[in-house]
Amino acid sequence: QVQLVESGGGLVQAGGSLSLACAASGGTFSSYVMGWLRQAPGKEREFVAAISRFGGTTMYTDSVKGRFTISRDNAKNTVYLQMNSLKPEDTAVYYCAADRGALVTTTVGNYDHWGRGTQVTVSS
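Residues numbered from 1 in each chain as written. Predicted model: local features only at pLDDT ≥ 70, side-chain atom pairs only at ≥ 80, totals over all residues. Heavy atoms only, no water.

**Quick look at the sheet that holds strand β8 (residues 78-83)**
Taken in spatial order, the four strands of this open sheet run β1-β3-β8-β7, and their pairing is antiparallel. On the outer flanks of this sheet lie β1 (3-7) and β7 (68-73), each paired with one strand and no other. Direction aside, the axes of adjacent strands within the sheet are offset by 15° on average. Across six bridges, β7 lies against β8 in antiparallel orientation. Note that in β8 the partner of Arg72 across the bridge is Val79. (Pairing = 2+ DSSP bridges. Helix = DSSP H or I, 4+ residues; strand = E, 2+ residues; numbered from the N terminus. Axes fitted to C-alpha atoms, helices over the stretch in contact; angles between N-to-C directions.)

What follows is the structure, given as structure tokens:
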């Protein structure tokens, strides 16, 4: 069973950038679709971005298109989320998640394994 550990969160001013990383262990990393999801206070967890097993396909929620980039390095068992032009509404706990399915998915419930999350706070 894969274990996921996020890193790279923090406090940044609006317009700034942050880079998140998620290190995986205990499984065959390339057999998982990987996703980033987030949960803001008082809101449900929502999909942010996902990447296929070998990186050929990516998907983003509309609100982050053009600002966020998901990538993965299967040799390092790591998935990344580069976040640029951050906005206060991006403030949330960001979770890395893995899905054993074959297709990239935006459905939160499809993700089988989750990290503990990392806090991202964007000040105005």
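**Focus on the pattern of salt bridges**
Proximity of charged atoms lets side chains of opposite charge pair with each other. Inspection of every chain in the model, using the stated rule, returns four salt bridges. Asp62 is the partner of Lys65 in a salt bridge, and the nearest nitrogen-oxygen pair spans 3.0 Å. A salt bridge links Asp90 to Arg67, with the shortest nitrogen-to-oxygen separation between them at 2.8 Å. Taken together, the positions of Asp90 in the loop between β8 and β9 (92-99) and Arg67 in the loop between β6 (58-60) and β7 put the pair 23 residues apart, joining distant regions of the chain. Sharing partners across several salt bridges, the network here consists of Arg38, Glu46, Arg67 and Asp90. (Salt bridge = Lys/Arg side-chain N within 4 Å of Asp/Glu carboxyl O.)

**Quick notes on the pairing of strand β11 (residues 118-123)**
Taking every second residue as pointing to the same face, the buried face of β11 carries Thr118, Val120 and Val122, while none of Gln119, Thr121 and Ser123 on the other face is buried. Pairing of strand β2 (residues 10-13) with β11, which is carried by four bridges, proceeds in the parallel orientation. From the neighbouring strand, Leu11 faces β11, where its bridge partner is Thr121. In this sheet, β11 lies alongside β9 in antiparallel orientation, the contact comprising three bridges. Within β11, the residue paired with Val93 across the bridge is Gln119. (Buried < 20%, exposed > 50% of the residue type's maximum accessible area, 1.4 Å probe, protein only.)

**A look at the side chain of Thr118**
Its place among the elements puts Thr118 in strand β11. Owing to a relative accessible area of 12%, Thr118 belongs among the buried residues under this scheme. Of the polar contacts made by the side chain of Thr118, one reaches the backbone nitrogen of Gly9; its length is 3.2 Å. (Polar contact = N/O pair within 3.5 Å; in protein donor to acceptor, adjacent residues only side chain to side chain.)

**Observations regarding the pairing of strand β4 (residues 33-39)**
Within β4, six of the seven residues are buried, which leaves the element mostly enclosed by the surrounding structure. Note: β4 against β9, seven bridges, orientation antiparallel. Residue pairing across strands places Leu37 opposite Tyr95, the latter belonging to β9. The pairing of β4 with strand β5 (residues 46-51) spans five bridges and is classified as antiparallel. Directly across from Leu37, in β5, lies its bridge partner Phe47. Following β4, the chain reverses through six residues before pairing antiparallel with β5; Gly42 in that reversal takes a positive phi of roughly 75°.

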